[in-house]
Amino acid sequence: MNASGHIARKRFGQHFLTDVGVIDALVRGIDPQPDDAMVEIGPGLSALTQPLLERLQHLHVIEIDRDLAARLRRMARITVHEADVLTVDITQLARSLNLASLRVVGNLPYNISTPILFHLLDHVDVVLDQHFMLQKEVVDRIVAQPSTAAYGRLSVMLQWRYEMDSILDVPPEAFDPPPKVDSAVVRMRPWATPVAVPLAHLSELVKVAFSQRRKLLRHTLGRWLEQRGFAGDFDVQRRAEEVPVAQYLALAIQTQNKAQA
Ligand code: SAM
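> Just checking my understanding: could you explain the sheet that holds strand β6 (residues 127-135) for this structure?
By definition, the strands of a sheet pair up through backbone hydrogen bonds, in either a parallel or an antiparallel sense. Sheet architecture is open: seven strands sit in the order β4-β3-β2-β5-β6-β9-β7, paired in mixed fashion. Strands at the two margins of the open sheet, each flanked by one partner only, are β4 (78-82) and β7 (162-170). For this sheet, the mean inter-axis angle between neighbouring strands, taken without regard to orientation, is 20°. Bridge analysis of β6 against strand β9 (residues 183-190) gives six bridges, and the strand direction is antiparallel. Within β9, the residue paired with phenylalanine 132 across the bridge is valine 186. Contacts between helix α5 (residues 113-121) and the sheet are confined to β2 (38-41), β5 (102-107), β6, β7 and β9, with β6 contributing the most and set at about 170° to the helix. In this fold helix α7 (residues 153-161) packs onto β7 and β9, with an angle of close to 115° to the strand it touches most, β7.

> Any chance you could explain the pattern of salt bridges here in plain terms?
Two side chains of opposite charge can pair, provided their charged atoms sit close to one another. If you walk through the whole model with that rule in mind, you get 12 salt bridges. A salt bridge links arginine 9 to aspartate 67, with the shortest nitrogen-to-oxygen separation between them at 2.9 Å. A residue pair is termed long-range when its members are at least 10 positions apart, and arginine 9 in the segment before β1 (16-17) and aspartate 67 in helix α3 (residues 66-72) qualify at 58 residues.

> Looking at this model, I keep getting lost on the site of the ligand. Mind explaining?
Taken together, 23 residues lie near the ligand, and Gln14, Leu17, Gly42, Glu63 and Asn107 sit nearest. In the environment of the ligand, an oxygen atom lies 2.7 Å from a nitrogen or oxygen atom belonging to the backbone of leucine 17. A distance of 2.9 Å is found between a nitrogen atom of the ligand and a side-chain nitrogen or oxygen belonging to aspartate 84. Elements that contribute at least two residues to the shell around the ligand include exactly β1 and β3 (59-63).

> What is the right way to read the pairing of β6 from this model?
If a strand is regular, its side chains alternate between the two faces of the sheet. Most of β6 sits out of view: eight of its nine residues are buried. Bridging between β5 and β6 involves six bridges; their strand directions are parallel. Counted as the bridge partner of asparagine 107 is methionine 133 from β6. As for the winding sense of the linkage, the β-α-β connection from β5 through α5 to β6 is right-handed.

> It is not clear to me how the environment of glycine 152 should be interpreted in this structure. Could you clarify?
Considering the arrangement of structural elements, one finds glycine 152 in the loop between α6 (136-142) and α7. Along the chain, glycine 152 and leucine 45 lie 107 residues apart, while their C-alpha atoms are 34 Å from each other. Once residues lying within four places of it in the same chain are set aside, the contact partners of glycine 152 are Phe210 and Arg213.

> Quick question: what am I supposed to make of the domain arrangement of the protein here?
One frequent convention defines the size of an interface as the accessible area lost when the parts assemble. When cut into domains, the protein gives domain 1 (10-190) and domain 2 (199-260). The C-alpha centroid of domain 2 is placed 31 Å from the C-alpha centroid of domain 1. Counting from both sides, the interface comprises 13 residues of domain 1 and, opposite them, 15 residues of domain 2. Between domain 1 and domain 2, a total of about 1,200 Å² is buried, with carbon and sulfur atoms accounting for 71% of that surface. The largest per-residue losses of area from domain 1 upon contact with domain 2 belong to Tyr151, Arg153 and Trp160, which jointly make up 45% of the total buried on that side. The interface formed by domain 1 and domain 2 holds zero salt bridges in total. The tally of links from domain 1 across to domain 2 stands at five residue pairs in polar contact (both at pLDDT 80 or more). With five residues, the top contributor of residues to the side of domain 1 that touches domain 2 is α7. For the side of domain 1 that touches domain 2, a count of residues per class yields seven nonpolar, four polar and two charged.

Basis of the calculations
Residues numbered from 1 in each chain as written. Predicted model: local features only at pLDDT ≥ 70, side-chain atom pairs only at ≥ 80, totals over all residues. Heavy atoms only, no water. Pairing = 2+ DSSP bridges. Helix = DSSP H or I, 4+ residues; strand = E, 2+ residues; numbered from the N terminus. Axes fitted to C-alpha atoms, helices over the stretch in contact; angles between N-to-C directions. Contact = heavy atoms within 4.5 Å. Salt bridge = Lys/Arg side-chain N within 4 Å of Asp/Glu carboxyl O. Near = heavy atom within 4 Å. Polar contact = N/O pair within 3.5 Å; in protein donor to acceptor, adjacent residues only side chain to side chain. Buried < 20%, exposed > 50% of the residue type's maximum accessible area, 1.4 Å probe, protein only. Right-handed = clockwise from strand over helix to strand, strands pointing away. Domains from an automatic or database assignment. Buried area = accessible area lost by both parts, 1.4 Å probe. Nonpolar A, V, L, I, M, F, W, Y, C, P; charged D, E, K, R; others polar.

In structure tokens, the structure reads:
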């Protein structure tokens, strides 16, 4: 139990930020403005919530833990959505509030951070920007460049829709209880004019490509392309990690047109 009297629940990935310097740097990185429409995922014991509310007129929070949600409801200028963020329709939330776009922030539960990132990808059209504390290894994968071990499905899918920067490294001691891993904060800004390709199609293509990342693409994506009768120019004599995002996008467009023809 920590000073707040709350026992951290492992199943909810609860590691509460306690380092004032880190909280301050994170808030400065977010740079909240009074009129911002902001949603915090997993506010917990309000380490970040409190300083955000000092700068905002209002804040929406999504918290799954019933006890923590009850505490948060006592705060002023806050709307508490007691829910699993993976079930929250962020687009619907923005529409119901009559907002064109939302800023999304949070020190995410690491056990479900990838599902949360993919969930938010479905709602990218109503997102102005996202600032997330994540396991550093996940941030490294998100921002990874081709021909590196960290480059994979997550890098391609997210780099397609967001401009991203790792803005802060955070050690385990900044949390109570401390996680076993290093953390980092990523800033994600949706591209204004992303390459237009259906998410499901790109997702399937990238999944097939990275299904056996040590093998040459001819064993995986090559077969998938053959099945689609693809006769275009794409070098399958290389590994999935060697293909830049732009080439995956171009291939998705070409094969999508093929599927429609
Ligand atoms: N923001 C707080 C901080 O920085 O100290 C807490 C961060 S803690 C790493 C993750 C928070 O997300 C916890 O409050 C946890 O209860 C909440 N959480 C876990 N799974 C969730 C889910 N599926 N939906 C919404 N909140 C969730």
